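# Structural features, examined
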Amino acid sequence: MHQAFLGGKGIYACRDCHTHIAQRSSIESRQYTGQYGRAILFTDIVNVRAGQEDKRSMTTGVHIVRDIYCMRCNKYVGWTYIKAFQPDQRFKEGKFILERELIYDITRDWEVY
């Protein structure tokens, strides 16, 4: 199993095992809600595996999604949009939601205030 390591500031990682998952520069929106509260929409992520496709009714309509899990510890961290049935929601296709409660910004811990 090969893991990608992200460089720079604003690196989000799995809260349980600290595996790098996304960079702040890949954030498209922070205006989402997941199963655990606040969630973030990302354009690119790494070091995850996707589960089975599932058709879900969400607040913005019906979507086909796949849950995503940390590649290292197998912890659920969010989902990816496969298909949106509403034309105004198709911008989400191929993008990723990460649950804010299940990830953290590892570089913030390194900064001195």
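Below is a short write-up of the structure. (Residues numbered from 1 in each chain as written. Predicted model: local features only at pLDDT ≥ 70, side-chain atom pairs only at ≥ 80, totals over all residues. Heavy atoms only, no water.)

### Some words on the sheet that holds strand β4 (residues 37-42)
The line we're drawing: We call two strands paired when DSSP finds no fewer than two bridges between them. Counting from the N terminus, the helices are the DSSP runs of H or I reaching at least four residues and the strands are the DSSP runs of E reaching at least two. Every axis in this analysis is a line fitted to C-alpha atoms, fitted for helices over the stretch in contact. Angles between the N-to-C directions lie between 0 and 180 degrees.
Pairing in this open sheet of 6 strands is antiparallel, and the strands run β3-β4-β8-β7-β6-β5 from one edge to the other. In the strand order of this sheet, the two ends are held by β3 (27-34) and β5 (48-58), each with one partner. Pairwise comparison of adjacent strand axes, ignoring direction, gives a mean angle of 30° for this sheet. Pairing analysis gives 5 bridges linking β3 to β4, with the strands arranged antiparallel. Opposite T33, over in β4, you have R38 as the bridge partner.

### Digging into the pairing of strand β7 (residues 76-84)
Defined as follows: Under the scheme applied here, a residue whose accessible area is under 20% of the maximum for its type counts as buried, over 50% as exposed, and between as partly exposed, the area being computed with a 1.4 Å probe on protein chains only.
The buried count for β7 comes to 7 of 9 residues, which makes it a mostly enclosed element. As judged from the 7 bridges shared by strand β6 (residues 61-70) and β7, these two strands associate in the antiparallel manner. By the bridge assignment for β7, D67 is matched with W79. A loop of 5 residues connects β6 with β7, the two strands running antiparallel in sequence, and N74 in this loop sits at a positive phi of about 70°. In this structure, β7 lies alongside strand β8 (residues 96-99), joined through 3 bridges in antiparallel fashion. Paired with T80 across the strands is F96, a residue of β8.

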